[in-house]
Amino acid sequence: MTYTDTNLINPDILSKGYTYSEYRDLLEELLTRQKTTGENHSEEMLHYSRMNLLRMDRLDKYAKLDPALENRLENLDRQLFWLVLTEGWCGDAAQNLPIINKMADTTPNIEMKLILRDENLDLMDQFLTDGSSRSIPKLICIDVHTNEILGTWGPRPGTVQEMAMDYRSMSELSSKEAAENLHKWYADDRNREIQKEFLALLEKWDD
């Protein structure tokens, strides 16, 4: 299959795509060589990537989809392609990709591929958050038959996105403290908000 929309999403970009399993394998293989995705292989970035694999392990094993969302996915009429921009060091990607993958796995009408943001900046720059930020993960939803881009999701559920934006203006809060607060929100939320958001999006995308 090929998906194009004003040449933004083309076979060359899709050839770089990973399934979720392949993406996880890539991260693990890179870490055996003391590397992560992108160009920055500092100990800090390696630490983030290791933590993210642990987060994905936990969510892959324990996270459950809400029955209402499962039912909506099982009754999806439209064939969709989900293209997701991500990076291995991104904490928000680790918190959300496992849930998005579970959604895609629930129905044969969704195919999902992941691509690395920093290898696809031209595409990333067409889907900036608030018109200026290359925030990830960013999911692009495409109609398989018409190649129409139906919409996007990301980089975070709405509540935690507002928190992240607020933290940027708090000079007294360190980046470490901000990250800890955001990850605590994810733990407390237990993937409820992202599922509610996708339930609403599927109503639009399947129209």
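Small disclaimer: the values here were computed from a predicted structure and weren't measured.

Caption draft 1: Inspection of the pairing of strand β2 (residues 110-116) at higher detail. The buried fraction of β2 is high, at 5 of 7 residues. Handedness of the crossover is the feature at issue here: the chain leaves strand β1 (residues 80-86), passes through helix α5 (residues 91-106), returns alongside β2, and the resulting connection is right-handed.

Caption draft 2: Quick look at the packing of α5 against helix α9 (residues 192-205). Between α5 and α9, the least distance of the axes is 11 Å, while the angle of their chain directions is 40°. The orientation of α5 relative to α9 falls into the category oblique. The two elements α5 and α9 meet at a crossing, and its hand is right-handed. Between α5 and α9, the contacting residues are Asn96, Ile99, Ile100 and Met103 on the first element and Ile194, Gln195 and Phe198 on the second. Tallied by class, the residues present in the contact of α5 with α9 amount to 5 nonpolar, 2 polar and no charged.

Caption draft 3: Geometry of the layout of surface pockets. Its volume calculated, the largest pocket comes out at about 890 Å³. Lining the largest pocket are 27 residues, and of these Tyr48, Gly91, Ser175, Ala179 and His183 sit closest to its centre. Broken down by secondary-structure element, the contributors of at least two residues to the lining of the largest pocket are α3 (43-62), α5, α7 (158-168) and α8 (175-189). When its volume is computed, the second largest pocket comes out at roughly 220 Å³. Lining the second largest pocket are Arg58, Leu59, Tyr62, Ala63, Lys64, Gln95, Tyr186, Ala187, Arg190, Asn191 and Gln195. Elements supplying a minimum of two residues to the lining of the second largest pocket: α3 and α8. Per element, the largest residue contribution to the lining of the second largest pocket is 3 residues, and it comes from α3. Residue composition of the lining of the second largest pocket, grouped by class: 5 nonpolar, 3 polar and 3 charged.

What counts as what
- Residues numbered from 1 in each chain as written.
- Predicted model: local features only at pLDDT ≥ 70, side-chain atom pairs only at ≥ 80, totals over all residues.
- Heavy atoms only, no water.
- Buried < 20%, exposed > 50% of the residue type's maximum accessible area, 1.4 Å probe, protein only.
- Helix = DSSP H or I, 4+ residues; strand = E, 2+ residues; numbered from the N terminus.
- Right-handed = clockwise from strand over helix to strand, strands pointing away.
- Axes fitted to C-alpha atoms, helices over the stretch in contact; angles between N-to-C directions.
- Parallel < 35°, antiparallel > 145°, perpendicular 65-115°, else oblique.
- Left-handed = near helix turned anticlockwise from the far one by under 90°.
- Contact = heavy atoms within 4.5 Å.
- Nonpolar A, V, L, I, M, F, W, Y, C, P; charged D, E, K, R; others polar.
- 1 Å grid on protein atoms, 1.4 Å probe; cavity = no way out; pocket = protein on both sides within 12 Å on 5 of 7 lines; lining within 4 Å.
- Points joined across faces, edges and corners; volume = space filled by probe spheres on them.

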